[in-house]
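# Structural description and commentary
Residue strings, one per chain:
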Amino acid sequence: MRRTDKYAVFGNPIAHSKSPRIHALFAASLNQHIDYQKRLAPIGNFAGELQRFFDEGGVGANVTVPFKRDAFALARSASLRAQQAGAANFLMWRDDHWFCDNTDGAGLVRDIETNLHTSLKDKNVLLLGAGGAARGVIGPLFLRSPRQIVVVNRTFERATELVSPYKNEFAARALSVDALVAESMKFDVVINATSSSLTGLLPVPENAHIFAPDALAYDMMYGKQPTIFMNWASAQGAVGVADGLGMLVEQAAESYVQWRGELPHAAPIIAQLRAELARE
Ligand code: NDP
């Protein structure tokens, strides 16, 4: 029998995932009860582990690295934003099949616009990176009517590929790292969607001057300390700097509301996780 409260996050590795904690805090804040577990799926057999979860009564799942493309491929119906990303971090059992979505972009947008009070409308946006995270957010970013989105990636061809479906309808442009430095363009919002901070590196040369006055610098990575990108952006004059903890919580809230019909208020939960992170 389907259990209406049984959810899980799938990944490999998965031990580090904060999703069970976030969803437990959401449920408590709304006086609801849910059962949300971590599931380690074997590489190459996401489908088998999802089937096992389904057989145990599971109705919804979040999906993280490296299974987001598998989740998209396996679902029989998909939201537009999951189709745009070609990847899904959200699954929900609907009548007789899995429906998938990608909530990363909505999470990022809500964190920037609601929590960080920065409208994207008419802004010059620089998106650094062209991997899975960048693919997940570019469509939802365009829906907020920025003046333009420039995508810069270490491997230029991937940036070109990422902007190509958007070029006819939106002001989308791919630039090489060298051209970014040479053109001295300035951006109101700079989003680091690369994994460079993980290895203590910057995604652009240290001498790049890319921040407009009042710019927001956003690193999708998060941690106990500000990332190297955040420290560099502050030194370069960015007025707002943020890490990706808010995006993580907001993309989870976007899952929760689809499963359970109520949108949790993320701000106090972001603050609580921030405090817990400081104690880790
Ligand atoms: P991918 O592996 O799919 O893509 C990695 C991207 O980073 C590529 O564009 C790659 O460039 C670039 N890159 C890696 N190292 C460097 C470097 N040293 N210099 C410049 N560019 C580099 O990863 P994802 O897109 O899935 O994730 C990216 C980041 O976003 C991760 O840190 C992840 O944790 C974070 N994330 C955060 C979320 C949140 O909720 N806060 C949600 C999703 C992701 P190239 O193409 O040249 O290899």
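Further up the page is the structure itself.
Treat the numbers as computed from the prediction; the structure is a model and nothing was measured. (Residues numbered from 1 in each chain as written. Predicted model: local features only at pLDDT ≥ 70, side-chain atom pairs only at ≥ 80, totals over all residues. Heavy atoms only, no water.)

### Quick notes on the site of the ligand
Note the threshold: For each residue, the test is whether any non-hydrogen atom lies within 4 Å of the molecule or strand; if one does, the residue is near. Within 3.5 Å is the distance limit for a polar contact, defined as a pair of N or O atoms, with the added protein rule that one can donate a hydrogen and the other accept it, and that residues adjacent in sequence qualify only through two side-chain atoms. Throughout, the Shrake-Rupley method with a 1.4 Å probe supplies accessible areas, and for residues the shown protein chains are the sole cover considered. To qualify as a helix, a DSSP run of H or I must reach at least 4 residues; to qualify as a strand, a run of E must reach at least 2; elements of each kind are numbered from the N terminus.
Neighbouring residues of the ligand: 21 residues in total, closest A133, N153, R154, T155 and R158. In the model, an oxygen atom of the ligand is placed 3.0 Å from a nitrogen or oxygen of the A130 main chain. Between the ligand and N153, the relevant distance is 2.7 Å, taken from an oxygen atom to a side-chain nitrogen or oxygen of the residue. In isolation the ligand offers 940 Å² of accessible surface; the protein chains occlude 77% of this area. Listed by contribution, the elements that provide at least two residues to the shell around the ligand are α6 (132–142) and α10 (245–260).

### Quick look at the sheet that holds strand β9 (residues 172–175)
To keep things clear, this is the line we draw: Here a strand pair is declared whenever DSSP counts at least two bridges between the two strands. Fitted lines through C-alpha atoms give the axes, limited to the stretch in contact for helices. The angle between two N-to-C directions lies from 0 to 180 degrees.
Pairing is parallel in the open sheet, where 6 strands are placed in the order β9-β8-β7-β10-β11-β12. The two strands at the open ends of the sheet, each matched to only one other strand, are β9 and β12 (240–242). Neighbour-to-neighbour, the strand axes of the sheet open up by a mean angle of 20 degrees, direction not taken into account. Pairing of strand β8 (residues 148–152) with β9, which is carried by 4 bridges, proceeds in the parallel orientation. By the bridge assignment, V152 is partnered in β9 with L175.

### Side note on the packing of aromatic side chains
Each aromatic ring pair is specified by the distance between its two centres and by the angle formed by the two planes. Quick reminder of the rule: Two rings from Phe, Tyr or Trp (for Trp, the six-membered ring) form a pair when their centres sit within 6.5 Å of each other. Planes less than 30 degrees apart are called stacked, planes more than 60 degrees apart edge-to-face, and all others tilted. Between buried and exposed lies partly exposed: a residue is buried under 20% and exposed over 50% of the maximum accessible area for its type, with that area taken using a 1.4 Å probe on protein chains only.
Tallying each qualifying case throughout the model produces 16 aromatic pairs. Between the aromatic rings of F10 and F46, the centroid separation amounts to 5.6 Å while the plane-to-plane angle is 85 degrees, which identifies the pairing as edge-to-face. Taken together, the residues span a long stretch of sequence, with F10 in strand β1 (residues 6–11) and F46 in helix α2 (residues 46–55) at a distance of 36 residues. Residue classification places F10 among the buried positions, given a relative accessible area of 0%. Classification of F46 by relative accessible area gives buried; the value is 2%. Relative to Y256, the ring of F26 has its centre 5.6 Å away and its plane inclined at 80 degrees; by these criteria the two rings are edge-to-face. One end of the pair, F26, is in helix α1 (residues 19–29); the other, Y256, is in helix α10, and 230 residues separate them in sequence. Here the two residues F26 and Y256 agree in accessibility, since each one is buried.

### Overview of the layout of surface pockets
Basically, it comes down to this: The rule is simple: put a 1 Å grid over the protein atoms alone, call a set of points where a 1.4 Å probe fits but cannot get out a cavity, call an open set with protein on both sides within 12 Å along at least five of seven lines a pocket, and count a residue as lining if it has an atom within 4 Å of a point. Grid points are joined across faces, edges and corners, and a volume is the space filled by probe spheres set on the points. Note that Gly is not counted as nonpolar here; it falls among the polar residues with everything else outside the nonpolar set of Ala, Val, Leu, Ile, Met, Phe, Trp, Tyr, Cys and Pro and the charged set of Asp, Glu, Lys and Arg.
There is about 200 Å³ of room inside the second largest pocket. Mapped onto the lining of the second largest pocket, the elements with two or more residues apiece are α4 (80–85) and α6. Looking at the lining of the second largest pocket residue by residue, the classes come out as 8 nonpolar, 2 polar and 2 charged.

### Things to note about the nonpolar core
We apply this condition: Residues grouped as a nonpolar core are buried Ala, Val, Leu, Ile, Met, Phe, Trp, Tyr and Cys residues, joined through side-chain atoms within 4.5 Å.
Core analysis: the largest hydrophobic core is formed by 28 residues, its most contacted members being L108, L127 and I191. Of all elements in the fold, only α5 (104–115), β7 (124–128), α6, β8, α7 (156–163), β9, β10 (187–192) and β11 (211–219) reach the threshold of two or more residues within this core. Counting residues in each nonpolar core, the second largest holds 25 residues, with I14, V59, L248 and A252 among its members.

### Observations concerning the side chain of K18
Rule in force here: Note on definitions: a residue-residue contact is assigned when non-hydrogen atoms from the two residues lie within 4.5 Å.
Position of K18 relative to the elements: it lies in the loop between β1 and α1. For K18, the residues in contact, after removing those within four places along its chain, are Y222, L248, L273, L277 and E280.

### Looking at the pairing of strand β6 (residues 97–101)
Of all 5 residues in β6, 5 are buried, a share of seventy percent or more. Examined bridge by bridge, strand β4 (residues 77–78) and β6 share 2 bridges and lie parallel to one another. Following the sheet pairing, A78 is matched in β6 by C100. Bridge count for strand β5 (residues 90–94) against β6 is 5 bridges, and the pairing is antiparallel. Looking at the pairing, F90 lines up with D101 of β6. As consecutive antiparallel partners, β5 and β6 are separated by 2 residues, and within that stretch D95 has a phi angle of approximately 55 degrees, a positive value.

Distances and angles like these do not, on their own, reveal function.
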